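Structural description and commentary
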Amino acid sequence: QVQLVESGGGLVQPGGSLRLSCAASGRSFSPFRLAWFRQVPGKEREFLVVAQMDPHLSDFADSIRGRFTISIDSAKNTLYLEMKGLKPEDTAVYYCAVPKYRSAWPPSRGDVNFWGQGTQVTVSS
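Presented here is a report on the structure given in the accompanying data block. (Residues numbered from 1 in each chain as written. Predicted model: local features only at pLDDT ≥ 70, side-chain atom pairs only at ≥ 80, totals over all residues. Heavy atoms only, no water.)

**Remarks on the state of the cysteines**
Under the counting rule described, the total for this entry stands at 1 disulfide. Covalent S-S linkage joins Cys-22 and Cys-96, the inter-sulfur distance amounting to 1.8 Å. A torsion of -65 degrees about the S-S bond marks the disulfide between Cys-22 and Cys-96 as left-handed. Of the two residues, Cys-22 is situated in strand E3 (residues 18-25) and Cys-96 in strand E9 (residues 92-99); the sequence distance between them amounts to 74 residues. Summarising the burial analysis for this pair, Cys-22 and Cys-96 share the class buried. (Disulfide = S-S within 2.5 Å. Helix = DSSP H or I, 4+ residues; strand = E, 2+ residues; numbered from the N terminus. Buried < 20%, exposed > 50% of the residue type's maximum accessible area, 1.4 Å probe, protein only.)

Here you go:
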């Protein structure tokens, strides 16, 4: 069974920064790719970024390109999402995900095998 544990969400003022972590674990599990999505109540879950572990590749949604970056700790199967210049419209529940092996690039919601429990990010003054 694969487990995804997200952390790092919280309340931040507009223009502020947060770093989210996604730690993937499981018996004999080594993720090929990890991704972040987010969801606002009443809206569909939105793709944000996908990262491939080896070779290192990544792709970002236009809505966050230039403001959010990622880093990978392959030894810990952990993907970090560094969020800067946060805006109120970034308020959402952020989900870590494991896309299916060699699924579409970037993946859609339907390409995800496993989801984390989500972490709330609130951007408000």
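**A short note on the pattern of salt bridges**
Inspection of every chain in the model, using the stated rule, returns 6 salt bridges. Notably, a salt bridge pairs Arg-38 with Glu-46, separated by 2.9 Å at the nearest N-O pair. Classification of Arg-38 as buried rests on a relative accessible area of 8%. A cluster of three or more residues bridged by salt bridges with shared partners is formed by Arg-38, Glu-46, Arg-67 and Asp-90. (Salt bridge = Lys/Arg side-chain N within 4 Å of Asp/Glu carboxyl O.)

**Things to note about the sheet that holds E3**
Reading across from one edge, E1-E3-E8-E7 is the order of the 4 strands in this open sheet, with antiparallel pairing throughout. Looking at the sheet topology across the chains shown, the edges are occupied by strand E1 (3-7) and strand E7 (68-73). When strand polarity is set aside, the average angle formed by the axes of neighbouring strands in this sheet is 15 degrees. Bridge count between E3 and strand E8 (residues 78-83): 6 bridges; the pairing is antiparallel. (Pairing = 2+ DSSP bridges. Axes fitted to C-alpha atoms, helices over the stretch in contact; angles between N-to-C directions.)

**Some remarks on the environment of Gly-16**
Tracing the backbone through its elements, the reader meets Gly-16 in the loop between strand E2 (10-12) and E3. Taking the C-alpha atoms as reference points, Gly-16 and Lys-84, 68 residues apart in sequence, are found 6.1 Å from one another. Those residues in contact with Gly-16, other than ones at most four positions away along the chain, are Met-83, Lys-84, Gly-85 and Leu-86. (Contact = heavy atoms within 4.5 Å.)

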